[in-house]
Amino acid sequence: MKQRENFSSKLGIIVATAGSALGLGNIYRFPCEAGANGGGAFLIVYLIVALLVGTPLMISEFIIGRRSKSNPIGAFRILSGKHNAWPVVGYLGVLCAFLILAFYTTVAGWTLGYLGKSIAGHFTGQDLGQIQQQFTDFTNHPWWPLVCQVIFLALTAFVVARGVKDGIERFSKILMPLLLVIMVVLCINSLTLSGAADGLRFFFHPDFSKITGRVLISALGQSFFSLSIGMGALITYGSYISRKDNMTSSAISVVLADSLVAVLAGIIIFPAAFTFGIQPEAGASLAFTTLPMVFQQMTGGYFFCLIFFLLLVIATLTSTISLLEVIVAAMTEEFKFTRPKAAVIGALGTAVIGILATISFRTGSPLHINGQTVFDLLDHVTALYFMPIGGLLIVLFVGWKMKRTDVLDELTNGGTLRQGIRMAIHYLIRYLCPVAIIVIFISQLVR
Ligand code: PFF
């Protein structure tokens, strides 16, 4: 039997999965999507989908990963028997990871640039107009965003080349508690701002008339993106989970922690946006203009700003590691590359598309396809199509293709864990998840 790395402990899976889940999805993309899709209406759909569809889907990925002990492509081949189309789901997942990593590293580069700016004190004494200008200047700069993106990819490749267990567990264990602490401090600060009541009303008060097909699919896409599900990242991590670990409780812990961090991000950003006169629909610039304004008016703002962007860089790194790991696990196991070689080739490939995404973000850039920047196109295609379709196929596979006894064996660790809640999860995987994903997916098409 080939020797595979395992995470070292139960905390190991939670920490590594949370490391993958927590990142720009929570702090940058979630407020951006909530702002553009009606605030409270989006939040409620998001939370329901994350808990009722996201949790069973995450567990399904763990089941496929641990049962097959393989990357997403190999996993479907091993579990489905030979000569059928299921491995295509694995290929789609690897492609999706690649496309996400490309535009994700654009924003990852910005976080690195903003860490540099916070060290240099660029936000001190600036008004809103100047901070907005800094975002425009930075993202339009001919080479800074590219340099930052490439450094970020190189860091990711370095960690992945050294192996999963070492890199990810070590980073994530220190990061998460710190991130939580600083976010709670920032929340308390935001609640004291003059626009707090308006911001909280926007974020927490659901106007149900705003729930459209677009809001539903955006919330589904965002929850899959934020939980790193629907494309095989957690199949890959599941393959490193040992037989003794409790996948159900680990998945529930990660979903709760991830949702908590997203909600905290909303509590930080919306009151501040309403206070400083920033539009919640501002899009990509929302977090990058609101947060520096927040630090501006805080006592000790320089220090908080620096720590925050440092933690954000690390949180982002643990997510990019999990994305590159999908590609590298597939290349080493399916195509027999060595780990370092696969990491370098994966990163170089990503850099090509990623650089196009970064350049397309510049004002007036001709890099548009179908009226969208390459950056937006990659974001939309993955969150609105790849991940929902991948997620659907994954739950159909576990719910309908795999033997029920095998699934229950995985869920109960060979009968050693109690069945009750696990039977319920099997039902969610079999019925609720596919129906919910199909209904939401169709609702966006019929407008
Ligand atoms: N979940 C990450 C975030 O919220 O930032 C992004 C991500 C990581 C998506 C890994 C998908 C993935 F496989």
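So, a few notes on the structure that sits alongside this text. In this text the structure is predicted, and so the values were computed from the model without any measurement.

A few words now on the overall build of the chain. Scanning the chain from terminus to terminus reveals 18 helices and 2 strands. Principal-axis analysis of the C-alpha atoms places the extent of the chain at approximately 60 × 50 × 45 Å. Across the 447 residues in the chain, those meeting the buried criterion constitute 61%. Taking contacts inside the chain between residues at least 6 apart in sequence as the whole, the part at least 24 apart equals 83%. For the chain, the computed accessible surface area is about 16800 Å², with 69% contributed by carbon and sulfur atoms. Across the chain, the 30 positively charged side chains and the 20 negatively charged ones have centroids separated by 10 Å.

A separate point is the site of the ligand. The local shell around the ligand holds 15 residues, among which A21, G25, Y104, F225 and S228 are the closest. One nitrogen or oxygen atom from the main chain of A21 is found 2.8 Å from an oxygen atom belonging to the ligand. Within the backbone of G25, an N or O atom sits 2.7 Å from an oxygen atom of the ligand. In the complex, the protein chains occlude 100% of the 340 Å² of accessible area that the ligand would expose alone. Those elements giving two or more residues to the shell around the ligand turn out to be α1 (10-21), α2 (24-36), α10 (213-227) and α14 (301-335). Classifying every residue of the shell around the ligand gives 7 nonpolar, 8 polar and no charged.

Its place among the elements puts T382 in helix α16 (residues 374-401). Note on T382: relative accessible area 1%, which makes it buried.

Evaluation of the coordinates by the stated rule reveals 11 salt bridges. Put simply, E410 and R66 hold a salt bridge, and the shortest N to O gap is 2.7 Å. Of this pair, E410 sits in helix α17 (residues 404-411) while R66 is found in helix α3 (residues 40-68), placing the two residues 344 residues apart along the sequence. The salt bridge involving E325 is made with R339; its shortest N-O contact spans 2.9 Å. With E325 in helix α14 and R339 in helix α15 (residues 339-360), this pair connects stretches of sequence that are 14 residues apart. With respect to class, E325 is no different from R339; both count as buried. Here the salt bridges share partners, and the residues they tie into one network are R66, R67, R243, D406, D409 and E410.

The rules we used
- Residues numbered from 1 in each chain as written.
- Predicted model: local features only at pLDDT ≥ 70, side-chain atom pairs only at ≥ 80, totals over all residues.
- Heavy atoms only, no water.
- Helix = DSSP H or I, 4+ residues; strand = E, 2+ residues; numbered from the N terminus.
- Buried < 20%, exposed > 50% of the residue type's maximum accessible area, 1.4 Å probe, protein only.
- Contact = heavy atoms within 4.5 Å.
- Areas by Shrake-Rupley, 256 points an atom, 1.4 Å probe, with all protein chains shown as cover.
- Lys, Arg positive; Asp, Glu negative; His and termini not counted.
- Charge placed at Lys NZ, Arg CZ, Asp CG, Glu CD.
- Near = heavy atom within 4 Å.
- Polar contact = N/O pair within 3.5 Å; in protein donor to acceptor, adjacent residues only side chain to side chain.
- Nonpolar A, V, L, I, M, F, W, Y, C, P; charged D, E, K, R; others polar.
- Salt bridge = Lys/Arg side-chain N within 4 Å of Asp/Glu carboxyl O.

Without other data, these values stay purely geometric and don't point to any function.
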